[in-house]
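Residue-level structure breakdown
In case you want the letters, here they are:
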Amino acid sequence: MIAFTANCLFTPLDRVEQPLLLVEDHVIVEASSRVERQIPPGVRVVDFGDAILAPGFVEMHIHGGAGHDVMNADPSDLAAVERLLFKHGVTGYFPTTVTAPLDQTWSALDRLANAIERAAADNSSRGERAQPLGIHLEGPFISHVRRGVHPPENIMLPTLSAFDRFWEAARGQIRVMTIAPELEGAREVIAEAARRGVCVSLGHSDADLSSARAAVAAGARHATHGFNAMRPLDHREPGIVGEMLTDSRLSADIIADGIHLDPAIVELFLKAKGVDAAVLITDAISATGMPDGRYRLGSFEVEVKNGRCLAGGKLAGSVLTMDRAVRNVMQFAHWDLQHAVRLATLNPARVTGLANRGKLEAGAEADFVVLSPTGEVRNTIVRGEVSEAVSRN
Ligand SMILES: [Zn+2]
């Protein structure tokens, strides 16, 4: 058993002073405070001093990093992406596809399912890597009008048989699906995906208010990169953005990089969705953690310059990291670290149906991040494993 101590801990619903986190066999067995509980004798103690312990970040929309795109990644490429995520406090993630030719999508789904299954079955040391937890299928069931940079020739109308073929290729590992609800056939696919436990997320959509509402009635419960690739809010036809901002049955995510949304819109979004229903994503691409240049996203190229990713003059994902997104929320919306952390931990875990992640309590995975009081990542712990570097501290 290992006892982790620090100055403070976010469960994240509660703030615990002088925390004591006891970990055994990758799992938290107790989360309490040294104010009322002694460190049990004989256990190894790892003290993080004046730092804050928070659940490891959960990233539900990411296309790549460290020069690698998850759609084309072999296991060693994926490991490089996972090491980059780890450095930025992410302990679990959902590799995200983009619209591509069907055979490329099917083989990507197969490879990603392999990685997810291997990680889940492997009880040995994970090393300094985030764990893939499920696949986010972004496209091809999206609107031509709001496709962003998704290649138009590969966009499809949703059908149950096409969805089934993706599901088979991914061996049931699809956990999130972005879909435009106004498309013919969308409602049936939304209902079936929801029945299979997929988090159906509205996005890349030109939907009006009534078709967005009908999608929620059919089982949709989230919205993908709010405001981006959506019909803009109009005060007489609020559309999908109006539905996203006002329906308490929907959670929603944003890319808080200061490029995709003006900071004032981040603040507006957070006021509307609140600390329970807002989620942070990065939508990060292979260029993340790399110098400016030309990088791949699915089957096409993206030019990255000064933190901006462009393809054909349109924004094509980001080079944002989750720790930066958390700090941006503190800066843009004047939220404190505890509330900002929730948008990257408990909320995405709930949205994606992860019962034992995104929180620090008995029974949860021992995945956590060690933060400075201003939200800088000092260490990341996956499965309660302490690296050599931490042991030397
Ligand atoms: Zn994306």
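Only a predicted model underlies this, so the values are computations on that prediction, with no experimental measurement involved.

Examining the sheet that holds strand E5 (residues 27-33)
Paired through their backbone hydrogen bonds, the strands of a sheet run either parallel or antiparallel. Taken in spatial order, the four strands of this open sheet run E5-E4-E1-E6, and their pairing is mixed. Because the sheet does not close on itself, it has two edges, and the strands there are E5 and strand E6 (44-47). On average, each strand axis in the sheet is tilted by 20° relative to the strand beside it, whichever way the strands run. Strand direction decides the pairing type here: strand E1 (residues 2-5) and E6, joined by four bridges, are parallel. Note on E6: the bridge partner recorded for Thr5 is Asp47.

As for helix H5 (residues 209-218)
Those residues of H5 lying buried are Leu209, Ser211, Ala212, Ala214, Ala215 and Val216. Where H5 is buried, its residues touch helix H4 (186-195), strand E15 (199-202) and helix H6 (239-246). Immediately downstream of H5, the backbone of Gly219 shows phi near 130°, a positive value.

Brief notes about the pattern of salt bridges
Counted by the stated rule, this structure contains 23 salt bridges. Of the charged contacts in the structure, one is a salt bridge between Asp206 and Arg146, with a shortest N-O distance of 2.9 Å. Placement of the pair is Asp206 in the loop between E15 and H5 and Arg146 in the loop between strand E13 (135-138) and helix H3 (160-169), with a sequence separation of 60 residues. Its salt-bridge partner being Glu365, residue Arg357 comes within 4.0 Å of it at the nearest N-O pair. Classification of Glu365 as partly exposed rests on a relative accessible area of 23%. Each of the salt bridges in this network shares a partner with another, and the network as a whole consists of Asp164, Glu192, Arg195 and Arg196.

With respect to the nonpolar core
Grouped together as the largest cluster of nonpolar side chains are 88 residues, with contacts concentrated most on Phe57, Met177, Leu270 and Leu280. A total of six residues in this core trace back to one element, the largest contributor, which is helix H8 (residues 322-333). Other than its neighbours up to four places away in sequence, Met177 contacts His136, Leu137, Phe141, Phe163, Val189, Ala193, Val198, Cys199, Val200 and Ser201.

Brief notes about the packing of aromatic side chains
Any pair of aromatic rings gets described here by the distance separating the centres and the angle formed by the planes. In the structure shown here, the tally under the stated rule is four aromatic pairs. Ring centres of Phe4 and Phe368 lie 4.9 Å apart, and the angle between their planes is 75°; on these two criteria the pair is classed as edge-to-face. Here the residue Phe4 occupies a position in strand E1, and Phe368 occupies one in strand E23 (residues 368-371), the gap between them amounting to 364 residues. Grouping aromatic residues by their ring pairs yields a cluster made of Phe4, Phe48 and Phe368. Of note, Arg196 hangs over the ring of Trp167, and the distance from its end group to the ring centre comes to 5.3 Å.

Quick look at the coordination of the zinc ion
As a benchmark, a tetrahedral metal site with four donors has ideal angles of 109.5 degrees, while an octahedral site with six donors has ideal angles of 90 or 180 degrees. Coordination of the zinc ion by the protein involves His61 (NE2), His63 (NE2), Glu138 (OE) and Asp283 (OD), with metal-donor separations of 2.0 to 2.3 Å. Geometry at the zinc ion is irregular, judged from its four donor atoms and the angles of 83 to 170° they form at the metal. Here the donor residues of the zinc ion are spaced in sequence according to H-x1-H-x74-E-x144-D. With His63 in the loop between strand E8 (57-62) and strand E9 (64-65) and Glu138 in strand E13, this pair connects stretches of sequence that are 75 residues apart.

Some words on the side chain of Lys273
The topology assignment puts Lys273 in helix H7 (residues 263-277). No salt bridge is formed by the buried Lys273; its nearest oppositely charged neighbour, Asp247, is found at 6.6 Å. A polar atom in the side chain of Lys273 sits 3.1 Å from the backbone oxygen of Asp247. Of the polar contacts made by the side chain of Lys273, one reaches the backbone oxygen of Leu250; its length is 2.8 Å. For Lys273, the contacting residues outside a window of four places in its chain are Met244, Leu245, Asp247, Leu250, Ser251 and Ala278.

Observations regarding unusual backbone geometry
Most peptide bonds adopt trans geometry, and most residues besides glycine take a negative phi value. The peptide bond linking Thr11 to Pro12 adopts the cis configuration, its omega dihedral lying at 15°. For Pro12, the position within the fold is in the loop between strand E2 (8-10) and strand E3 (15-17). Here the bond from Gly139 into Pro140 is cis, since omega is 10°, no more than 30 degrees from zero. Take Pro140: it is sitting in the loop between E13 and H3. Despite not being glycine, His225 shows a phi value in the positive range, around 25°. Mapped onto the elements, His225 comes out in the loop between strand E16 (222-223) and H6. What makes His225 buried here is its relative accessible area of 4%. Of note in this structure, Asp283 is not a glycine but carries a positive phi near 55°.

Thresholds applied
- Residues numbered from 1 in each chain as written.
- Predicted model: local features only at pLDDT ≥ 70, side-chain atom pairs only at ≥ 80, totals over all residues.
- Heavy atoms only, no water.
- Pairing = 2+ DSSP bridges.
- Helix = DSSP H or I, 4+ residues; strand = E, 2+ residues; numbered from the N terminus.
- Axes fitted to C-alpha atoms, helices over the stretch in contact; angles between N-to-C directions.
- Buried < 20%, exposed > 50% of the residue type's maximum accessible area, 1.4 Å probe, protein only.
- Contact = heavy atoms within 4.5 Å.
- Salt bridge = Lys/Arg side-chain N within 4 Å of Asp/Glu carboxyl O.
- Core = buried A, V, L, I, M, F, W, Y, C linked by side-chain atoms within 4.5 Å.
- Phe/Tyr/Trp six-rings, centres within 6.5 Å; stacked < 30°, edge-to-face > 60°.
- Lys NZ or Arg CZ within 6 Å of the ring centre and 35° of its normal.
- Donors = N, O, S within 2.8 Å, 3.2 Å for Na, K, Ca; no water.
- Tetrahedral: all angles 85-135°; square planar, octahedral: opposite > 155°, others 65-115°.
- Lys, Arg positive; Asp, Glu negative; His and termini not counted.
- Polar contact = N/O pair within 3.5 Å; in protein donor to acceptor, adjacent residues only side chain to side chain.

So far we have only geometry, and geometry alone does not tell us how the molecule works.
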